[in-house]
Amino acid sequence: MAPLLSVRGLQTYFFTDDLVVKSVDRVDLTLDEGEILGVVGESGCGKSVTSLSIMGLVPNPPGKVVGGEIQFEGRDLLKLSAKEMRAIRGNQIAMIFQEPMTSLNPVFRIGEQMCETIQLHMGLKKKEAKERAIQLLKQVGLPRAEQVVDEYPHQLSGGMRQRVMIAMAMACNPKLLIADEPTTALDVTIQAQILDLMKRISKESGTAIMLITHDLGVVAEMCHRVVVMYAGKVVEEADVHTLFSDPKHPYTQGLLRSMPTLHERKDRLDSIKGNVPIPAEMPKGCKFAPRCEHASEICLGEEPVLQQVGGAKPHQVRCWLFAEERPSHLANPEARSE
């Protein structure tokens, strides 16, 4: 069966007067119906730009999708007209943005904003649309939904606004929901409630979710499969159990080491030395090489490809340590360059 979403060789660049920033550089990923895919990495690695590219929301200028394809149910979204894309966006593909206060219009009531989407895509009359909005607010666990529908965003808490955003995203029963850091700035109790809500929605409706986050704890709780991004590229992809039990890429290993655990007491958490490279000043070769304790000459000069490693389970990694043909000094993955 073909995947619901298939992204192949996606390239999204931002252009200024004197340089080109390769924010997303030949990214591949797939997502099946009902699956929850985690996309993780530090800030600036290209996660959000990948999601905006799928939604057709990259601001142009200065940004532009310059290559690749985005197949959704067999249709290349990059070849659709603006009108055709508007019919899909918010209907078959919906998105929850990072900060609900900036995503909701402060001068319109909650019900007005929800009804606009419902009427546009479902063809309901105003009264029916409002009833649908109240029903959705109840489904996402908002108390006094009949009153909330007539309130303004500033009258709601952060957790309530995020529930409104989820209700709006689910208004037309989308097949794909893209959630970009959906629990940012929420306290841990509300975070847990929002994540449980999203898992329930996916299970009950069969909606596939692309969850963009930097929180590996959220990934462990929510996802079936994980894509790790660094400097605009996918550096590792595996099912969630494999990634946590047997991470291959040094960057993924560093991310996991930086997480606190219940079984080990530390004075200081581990960190990955250095910083994510500036997009306009990407290093040659492997983009992680300047921060990698395993880096050698070939890493600094040539970029590795994403390739299958391990056993029967799909597990891909972009690293010279696991290249089929590699120099002898890379034969031992534990070897560290001086």
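Residues numbered from 1 in each chain as written. Predicted model: local features only at pLDDT ≥ 70, side-chain atom pairs only at ≥ 80, totals over all residues. Heavy atoms only, no water.

- An unreviewed UniProt entry lists the protein chain under the name Oligopeptide ABC transporter ATP-binding protein, with Brevibacillus borstelensis AK1 as the source organism.
- What UniProt records for the protein chain under Subcellular location (unreviewed entry) is the sentence "Cell membrane". (UniProt positions renumbered as here; feature names shortened; annotations may be inferred.)

1. Overview of the sheet that holds strand β2 (residues 20–31)
Then, number 1: Taken together, four strands build an open sheet; the order of strands is β2-β1-β4-β5 and the sheet is antiparallel. Since the sheet does not close on itself, it has two edges, and those belong to β2 and β5 (75–76), each with one partner.
Then, number 2: Pairing of strand β1 (residues 5–15) with strand β4 (residues 63–72), which is carried by eight bridges, proceeds in the antiparallel orientation. Across the sheet, T12 pairs through a bridge with V65, a residue of β4.
Then, number 3: Contacting β1, β2 and β4, helix α1 (residues 47–55) runs over the sheet at an angle of about 110° to β1. (Pairing = 2+ DSSP bridges. Helix = DSSP H or I, 4+ residues; strand = E, 2+ residues; numbered from the N terminus. Contact = heavy atoms within 4.5 Å. Axes fitted to C-alpha atoms, helices over the stretch in contact; angles between N-to-C directions.)

2. Some remarks on the pairing of strand β9 (residues 225–230)
Walk down a regular strand and you will see the side chains alternate between the two sheet faces.
Then, number 1: Counted residue by residue, β9 has six buried out of six residues, so it is predominantly covered.
Then, number 2: What you see with β9 is no split at all: R225, V227 and M229 on one side and V226, V228 and Y230 on the other are buried throughout.
Then, number 3: Alignment of strand β3 (residues 36–40) against β9, held across four bridges, turns out to be parallel. Across the sheet, G38 pairs through a bridge with V226, a residue of β9.
Then, number 4: Examined bridge by bridge, β9 and strand β10 (residues 233–239) share six bridges and lie antiparallel to one another. Pairing of V227 across the sheet is with E237, part of β10. (Buried < 20%, exposed > 50% of the residue type's maximum accessible area, 1.4 Å probe, protein only.)

3. Topic: a nonpolar patch on the surface
Then, number 1: Nonpolar side chains collect at one region of the surface, where F15, V20 and V66 lie side by side and expose about 220 Å² of accessible area between them.
Then, number 2: Relative to the elements of secondary structure, V20 occurs in strand β2.
Then, number 3: The class for V20 is partly exposed, based on a relative accessible area of 40%. (Patch = residues over 30% accessible without salt bridge, like charges linked within 9 Å, V, L, I, M, F, W, Y side chains within 5 Å. Areas by Shrake-Rupley, 256 points an atom, 1.4 Å probe, with all protein chains shown as cover. Salt bridge = Lys/Arg side-chain N within 4 Å of Asp/Glu carboxyl O.)

4. Focus: helix α5 (residues 126–139)
Each turn of an α-helix holds 3.6 residues, which means side chains three or four residues apart point in the same direction.
Then, number 1: With 14 residues, α5 should cover 20 Å at 1.5 Å per step; its first-to-last C-alpha distance of 20 Å lies within 8% of that length.
Then, number 2: Among all positions of α5, only A129, R132, A133, I134, L136 and L137 are buried.
Then, number 3: Looking at the buried residues of α5, the elements they touch are α4 (110–122), α6 (145–148) and α7 (158–169).
Then, number 4: G141 lies just past α5 and shows a positive phi near 85°. (Expected span 1.5 Å × (residues − 1).)

5. As for the pattern of salt bridges
Then, number 1: Taken as a whole and assessed by the stated rule, the structure comprises 14 salt bridges.
Then, number 2: Note that E73 and K175 form a salt bridge whose closest N and O atoms lie 2.6 Å from each other. You can see E73 sitting in the loop between β4 and β5 and its partner K175 sitting in the loop between α7 and β7 (176–180), a full 102 residues away along the chain.
Then, number 3: The residue E237 makes a salt bridge to R225 at a minimum N-O spacing of 2.4 Å. Of the two residues, E237 sits in strand β10 while R225 sits in strand β9, which places them twelve residues apart along the sequence.
Then, number 4: Overall, the relative accessible area of 11% leaves E237 in the buried class.
Then, number 5: Linked through salt bridges whose partners overlap, the residues forming this network are D25, R26, K233, K287 and E303.

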